[in-house]
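# Working through the structure, step by step
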Amino acid sequence: MNIVKVEHLSKVYGKGENAVYALNDISFSVDRGEFVAIVGASGSGKSTLLHILGGVDRPTSGKVFIDGEDICALNDTQLAIFRRRQVGLIYQFYNLIPVLTVKENIELPLLLDNRQVDETQFKEMVNYLGIADKTEYLPNQLSGGQQQRVSVGRALFAAPSIVLADEPTGNLDSKNSAEVVKLLKDSNKKHKQTLILITHNEQIAMQADRIITITDGKIANDEVRR
Amino acid sequence: MKVINKIVTAQLKKNIKRSIVTVLGIAVSVAMLTSVVACFKAAFGFAKDFTTQTNGSYNAYFYNVPASQIAHLTDVKDLDKYCLLGEETIMVINSFDQAGQEKHSQVVDLNFYSKNAFNMMSDKLSAGTWPQNELEIVLPENFKKYKIGDQISVTYEKSGYAISPGAHTNYVEYKFGENKQTKIFKITGFLDSSSSGTGKSITYLDESTLESNNNVTVCLLFNDFSWEKYKELSALSPESIHQHLMFNLGSGIVSPDFIIDVLKNDETYMRYSTKIVLGFAILLVAIITIASVVMIYNAFTISLSERSKYLGILSSVGATKSQKFKSVFFEAFVLGGFGIALGILVGFAGIGTTFYLIRPLFVEMLNLSIYLKLSVSLQMICTIIVLAVFSILISALIPAIKSAKQSIINSIKQADIKLTKKQVKTSKLTRKLFGIEGELGLKNLKRNKSKYRVTLLSLVTSIVVFISASALVKFVSQRISINNVATADINVHLNINSLDNFYINANNDDFASNLAATKKELLNKNSKLTLISEHSTYMLAYSQDISENKAAFAKQFSGIYYEDNSLPNERSRICDISVYDEKHFKDVLADIDQNLKIDDFVNQKQPVFLLDGVKTTDNFKLPGAKIIYTNQSNSYDHDYFYCTTESFNKFLQQNTDIKPMLTSYSLDLNIGQADDKKVEKEINEIFGTLNAKQENGEAIYIHINNNKAELVATKNLGIIMAVFIFGFLALISLICVANIFNTISTNVILRRREFAVLKSLGVDEKGIKKIFYYETIFYGIKALIYSLPISLLIILIIPLNYTLQNHSLNDIFNLSLKDIMQALYKYICIPIKEFTPWGSVLIVVFMVFIVIWVPMIYARKEIEKEDVIEAITKENI
């Protein structure tokens, strides 16, 4: 069963002779619960792809179906609600809100959606992330690894159907990197969440179910590993 | 260019909009300083012009100096010139009847001026030339029945009273003594009535003929009247109280030392006004300096927080602390250079234009060609630059120290803001009421305390200054309108005095017909004039015993009272009778006692008089008249009667032998659309002839109250005051707005990554807008919470000085609960009700949110331009 279906997706910057194809007529699909690693050189277009999948950016042409819905056809408000409910985004530089505590940062997608926070679920989450004693801290009082765990927590807490991670370990040491990937993988297995992760790290990529290699805006290789 | 300076320049260019706002902010501050300096310079110039035109051009004078001491006082260094004023005395112009018998004629004051006095004093000629010798004289303008070149015989008193320059003694105080002498003068010209009045003549004083015991007033004018000169003169001052030293304040004294000395010693009214002016100046400069320092400081801090990463990187490759320190001053130099130059230009242009625009108001108000003049001097520009550079350096100092101190890692990470949980704590209620967006908005305000405070301070300053200024203007204009309730456009008042045994009595047909003819002539000449009311006052000697009245009146009639300065007998008394037309009399009754009824006074068989006094057993009576008493306290030392013209005429008809003496006559006129200045001149001319027509030694003083002109003058004063207050207000608000704009917009722009993250987390445009709305609302509410009570307090203080004057300490210590409630009502409720400028308060409430909202919108537009993804993926901004 496909959760993500991409059809003839292109993203062009500039016009005419100056046109640069960040994505050039890409088509692929991802099954529910699949763990996909996207690899490629810098500037190959992998981040652009991830942002279009997350509804943060819009394609120049082509379609993206998430759970059967064409997100390119959504207006800005619908897209915002889609991001809030369906997508969990994780960035290399954590991007936490500095004035909110760890707890509030994790709960943010629910709070924005005016949804009730299940305290038991929250406790489970912070125990799972290993930051149960840090919930009342502000981001600047945490280490990089801890901040990324909060960011992971924020992405997973609203139980989105799809988690998108843009080089989540790019700013972490190897121990923290391994732990963050483990958290994402475990959640992927446990909740059958689809995980699409961009990485430069070959070891991490090798843990995925499938590796898509992008070169110059095109899929150069699509290798299903298991 | 050094690499650090290159970075600074690049940064300034990159953020060109903010750099412009900062330069404009500095320019406005400098423009304000410029205008304050120019205003004070102009005010001193104005004071000098005003003093010169109204008092005369001299710096100081010695009063009542024996001629033998003149040389001692005029032998001072740097003296430009000096003049002498002889004692003012009384003079009667003699005329002869048909039989060639000499008789008294018109009375005027005689002044003696030395040669220099003619151009040092403020007197001006309307025709002719100044006297060149002791046999020549200039007469008042209303004596034009004589011609230039005419010879007149006068009798004058040799010894008189020492005078102050510009002052004019009321000659009725004089009587001829033994030093009477007669002289023939040749008329060389006439004095302008607007500068010298209608009762002053001047002849030449020859210094060489002064005898050592003659007293004179010595006026001194210096090339440059300095503080040292002031002290030198003070040391010269004679010890005797009768021979004192006075200064012509405003004639060129600008030394602060002098002002301080005046504050300490001078007993004149100038003391109070100088204090106010000085206090006002200090307050203005303080507000401007604080507002400027806060604004410039803020601008540098913002710019620095944006540049800190570059500085960190530079440090990591070897830039020293002092290099970083200097970079902030380089920025100050660049921004300050543009700002100061622009500010000085705009300041002079602005204040020059303001002076030019209000010039007609000044001329109309003072009826003199004196106004505020713009003067630009190198000294002024240097003062402004020094003040501006000082505020800029002070403002740049703290950011410079901060930048130099910051560690490399913190600079690169831009971790200069260390947040604590307590700092951004908000109540649970906030989230319940405003949702997560509201909470985020509030937390964002709190995250950077210093910027939050600066923004709040700017808002509070603007609001408080705006509301208090509006309240002040409202208060003053209310006072002006209260003090300006005039019943007629013009009041003409004739004060009729007699010399020796000459007087005018009510039955003097000559005078009565002259007066009636003069009045008629005036009303006929100008059809726009309408007579509103007339009022005459008479003086009468009367007795307890009616039978003695006739004798008392008869005696008075023959002039004994005035000659002996005594009453006919001990049972006699002097009374005043105030005669009004019926309509006016009704108002007078209401003023004296509300219980009195007009019907008791009109259409009665016998004349009815109202006596403002308590009825006693030994009542004095007016023959054939009914007297109604009122219980109002009589503050006069003699009886004061009121009656209608009808009653008074009846009284005179019944008692043909009683001759009350006319002491004053006044009439109230409305002038419709006529030019009040022209009418005033007409009245002066027409009634002036009345004086010259009298040949019995009466002296008639004309006093004209031009209420219309006064109204215009106070209105103009109000406008001028409002122009300066609101001009100052506008500039202060501009600085504050620049400040708020800089702080809020940068604050938002610095947070663009957070907004991008929020967007990526699913906050839609509405949600982002909501955060901005809430931030605006919280800022606005907080600013109003602080500023409205402060403004209210000021509104309460403004009229306090006025209302407290009527209370003694005793009143305050004997207060009952009722008194306290009344006091609360009087000092709190009434001022709030009367002087709160509600319109301005509403404008403020509205404007506060606009002023915060505009930079938010601007910043949002800036953020929107940027790609969300770029903002998110940027390591840092």
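See the structure printed just above.
Quantities reported herein were computed from a predicted structural model and do not represent experimental measurements.

Our focus in this paragraph is the nonpolar core. Counting residues in each nonpolar core, the largest one holds 138 residues, and the members touching the most others are A:I106, A:L184 and B:L758. Setting aside chain neighbours within four positions, we find A:I106 in contact with A:F122, A:V126, A:L129, A:I131, A:V150, A:G153, A:R154 and A:F157.

A few words on a nonpolar patch on the surface. Residue and element names in this part refer to chain B. Taken together, the side chains of I16, I20, L24, L342, L345 and V346 define a hydrophobic patch exposed on the protein surface, amounting to about 540 Å² of accessible area. Of all the elements in the fold, those that place two or more residues in the nonpolar patch are helix 2 (16-54) and helix 9 (321-366). Locating L345 in the fold gives a position in helix 9. Assessed through its relative accessible area of 63%, L345 is described here as exposed.

Let us look at unusual backbone geometry. Among all residues except glycine, the phi angle is most often negative; among peptide bonds, the trans geometry is most common. Residues and elements named next belong to chain A. For Y94, which is not glycine, the phi torsion reads 60 degrees and is therefore positive. Topologically, Y94 is positioned in the loop between strand 6 (87-90) and helix 3 (102-112). Given the relative accessible area of 11%, Y94 is considered buried. With a phi angle near 50 degrees, N95 is a residue other than glycine that sits in the positive phi range. As for its position among the elements, N95 is in the loop between strand 6 and helix 3. You can call N95 buried: its relative accessible area is 2%.

All names here are of chain A. Read from one edge to the other, the open sheet built from 6 strands follows the order 6-7-8-3-9-10, with strand pairing classed as mixed. Across the chains shown, the open sheet's two edge strands, defined by having one partner strand only, are strand 6 and strand 10 (218-224). The sheet shows a mean angle of 15 degrees between the axes of neighbouring strands, direction not considered. Running over the sheet, helix 1 (residues 46-53) touches strand 3 (35-40), strand 7 (162-166), strand 8 (194-198) and strand 9 (210-215) and is turned about 150 degrees from strand 7.

Turning our attention to the interface of chain B and chain A. Each side of the interface is counted separately: chain B has 29 residues, and chain A has 28 residues. When chain B packs against chain A, the two sides together hide about 2,700 Å² of surface, and 65% of this comes from carbon and sulfur. Taking the shortest distance from any N to any O, the salt bridge between B:K443 and A:E104 comes out at 4.0 Å. There are 4 residue pairs in polar contact (both at pLDDT 80 or more) connecting chain B and chain A. Among the elements that line the side of chain B that touches chain A, the one with the most residues is helix 12 (residues 428-447) of chain B, at 7 residues.

Let us look at helix 4 (residues 119-129) of chain A. All names here are of chain A. Within the span of helix 4, buried status applies to F122, M125, V126 and L129. Burial along helix 4 is one-sided: seen end-on, the buried residues are contained in an arc of 90 degrees. Of the residues in helix 4, the exposed ones pointing more than 90 degrees away from the buried face are T120, K123, E124 and N127. In this structure, the buried side of helix 4 is in contact with helix 3, helix 5 (144-157) and helix 6 (174-191). Where helix 4 starts, the residue carrying a side-chain oxygen 3.1 Å from the main-chain nitrogen of T120 turns out to be D118.

Conventions adopted
Residues numbered from 1 in each chain as written. Chains lettered and ligands numbered in written order. Predicted model: local features only at pLDDT ≥ 70, side-chain atom pairs only at ≥ 80, totals over all residues. Heavy atoms only, no water. Core = buried A, V, L, I, M, F, W, Y, C linked by side-chain atoms within 4.5 Å. Buried < 20%, exposed > 50% of the residue type's maximum accessible area, 1.4 Å probe, protein only. Contact = heavy atoms within 4.5 Å. Patch = residues over 30% accessible without salt bridge, like charges linked within 9 Å, V, L, I, M, F, W, Y side chains within 5 Å. Areas by Shrake-Rupley, 256 points an atom, 1.4 Å probe, with all protein chains shown as cover. Salt bridge = Lys/Arg side-chain N within 4 Å of Asp/Glu carboxyl O. Helix = DSSP H or I, 4+ residues; strand = E, 2+ residues; numbered from the N terminus. Pairing = 2+ DSSP bridges. Axes fitted to C-alpha atoms, helices over the stretch in contact; angles between N-to-C directions. Buried area = accessible area lost by both parts, 1.4 Å probe. Polar contact = N/O pair within 3.5 Å; in protein donor to acceptor, adjacent residues only side chain to side chain. Arc of directions from axis to C-beta.

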